[in-house]
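Listed below are the residues making up each chain.
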Amino acid sequence: MTAAAMGSAESLSPADRATARTAKIVYLDQNKWIDLARAVAAPAEHPDNRKLLEFLCAKAEAGEIRLPLTASNLYETHKLNDPAQRFNLAYTQVTLSGAEVFRGHRRRLETEAALVLSKFYDMGWSEDDPNWVFSRLFVEAHLDADDPRLESPIPEPVLALMRAYPQRAMLDHLVGGPDDLRRAAISKFEAGCEALRLDIEARRQRHKGESESTRRKIYSVLLVLNEQQFLIAAADRVGVPWERLKENNGSAVRTPARETPTLLIEREIALKLEAQARAIHVNDMRDLRNFATVLPYADIVVAENQFTNLARQAGLGDRFGVRLETDLQSLVGLL
């Protein structure tokens, strides 16, 4: 991979965007990216993955596949303390992904819930951009660039540069900048994961005597309560007054909890996690959020055994029509 390869996808024409919509979406969890980065650094030591890397590069360059990253991918790379290792991994991800990311939790949840409510009320609303869930601004893996909830709004001239050179912007973010700011960003991400872990662990203890069916109902109610600000925003987007969601004994507000992909996946995998006879770890929360991010929008997900098996047990691969794999080499036959 060369600097020319990085620069070749800095912008997409309308024709390129049309092609991108037909490309297969492939998601790789962080350990799979690390395997590919090792094949970049030491190809002779990793011949199979080096061959696969060249295969994926050719497919991406031909517009046949897309390999977007998640907020968790960016976090895992950003937290590496070894600058050389971090650069090698970041460069591999930036080049193959084209700096494309899945949009963050808030944007996905609001849009998904709006689509569910539109269908519930037979309003015919839809998101204009069929690629709405993807962005080539790395910051939008967390929050949309124009989201008023951003702690520090991004000046428009800076945004313009990021839009013009998305891969360079992502690479600079991952490998450059003051180390104290890097550590602060890492700590903030970890705090969010830890809060989610504590919620799930506490709920497991409170309801450990209940059946899975009862725990599913409890979790659905809690999700609605915890995410009601996003459900209100979704109702606003489709023009439904919030008060109407209380109609029919609240069936309108329960429907997004059952059918919004982000909430459904979080609930189903969390139920499987809670049923395991082991402590729940912070790493589990990153994987949970990853799967909730990618399963509705990817064609192929290659991840570690633990969460792949949980997703299979929950029937999520079939529900969303996504192929769940654990072996990187499986991509050769699938693509």
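Criteria and cut-off values
- Residues numbered from 1 in each chain as written.
- Predicted model: local features only at pLDDT ≥ 70, side-chain atom pairs only at ≥ 80, totals over all residues.
- Heavy atoms only, no water.
- Helix = DSSP H or I, 4+ residues; strand = E, 2+ residues; numbered from the N terminus.
- Buried < 20%, exposed > 50% of the residue type's maximum accessible area, 1.4 Å probe, protein only.
- Areas by Shrake-Rupley, 256 points an atom, 1.4 Å probe, with all protein chains shown as cover.
- Axes fitted to C-alpha atoms, helices over the stretch in contact; angles between N-to-C directions.
- Parallel < 35°, antiparallel > 145°, perpendicular 65-115°, else oblique.
- Left-handed = near helix turned anticlockwise from the far one by under 90°.
- Contact = heavy atoms within 4.5 Å.
- Nonpolar A, V, L, I, M, F, W, Y, C, P; charged D, E, K, R; others polar.
- Phe/Tyr/Trp six-rings, centres within 6.5 Å; stacked < 30°, edge-to-face > 60°.

1. Some details on the overall build of the chain
Turning to step 1, where the next piece is worked out: Helix and strand counts for the chain come out as 18 helices and six strands.
Turning to step 2, where the next piece is worked out: Expressed as lengths along the three principal axes of its C-alpha atoms, the size of the chain is roughly 60 × 45 × 45 Å.
Turning to step 3, where the next piece is worked out: A buried classification covers 50% of the 335 residues belonging to the chain.
Turning to step 4, where the next piece is worked out: Total accessible area computed for the chain in this model is approximately 15800 Å², and 51% of it derives from carbon and sulfur atoms.

2. Topic: the packing of helix α14 (residues 261–274) against helix α16 (residues 305–313)
Turning to step 1, where the next piece is worked out: Where α14 contacts α16, the axes come no closer than 9 Å and their chain directions differ by 110°. The pairing of α14 with α16 is recorded here as roughly perpendicular in orientation. Remark: the crossing between α14 and α16 carries right-handed chirality. Mapping the contact onto sequence places Ile-269, Lys-272 and Leu-273 in α14 and Gln-306, Phe-307, Leu-310 and Gln-313 in α16.
Turning to step 2, where the next piece is worked out: Here the contact of α14 with α16 is built from residues that sort into four nonpolar, two polar and one charged.

3. Description of the packing of helix α11 (residues 212–226) against α14
Turning to step 1, where the next piece is worked out: Two elements in contact, α11 and α14, have axes whose closest approach is 10 Å; the angle formed by their N-to-C orientations is 135°. Taken together, α11 and α14 sit at an angle that is classed as oblique. α11 and α14 meet at a crossing whose hand is right-handed. Residues Glu-212, Arg-215, Arg-216, Tyr-219, Ser-220 and Leu-223 of α11 touch α14, and the partners they reach there are Leu-263, Glu-266, Arg-267, Glu-268, Ala-270, Leu-271, Lys-272 and Glu-274.
Turning to step 2, where the next piece is worked out: Its residues assigned to classes, the contact of α11 with α14 comprises five nonpolar, one polar and eight charged.

4. Re the packing of aromatic side chains
Each pair of aromatic rings is reported with the distance of its centres and the angle of its planes.
Turning to step 1, where the next piece is worked out: According to the stated counting rule, one finds six aromatic pairs in the structure shown.
Turning to step 2, where the next piece is worked out: Note on Phe-120 and Tyr-121: the rings are 5.1 Å apart at their centroids and 80° apart in plane angle, and the pair reads as edge-to-face.

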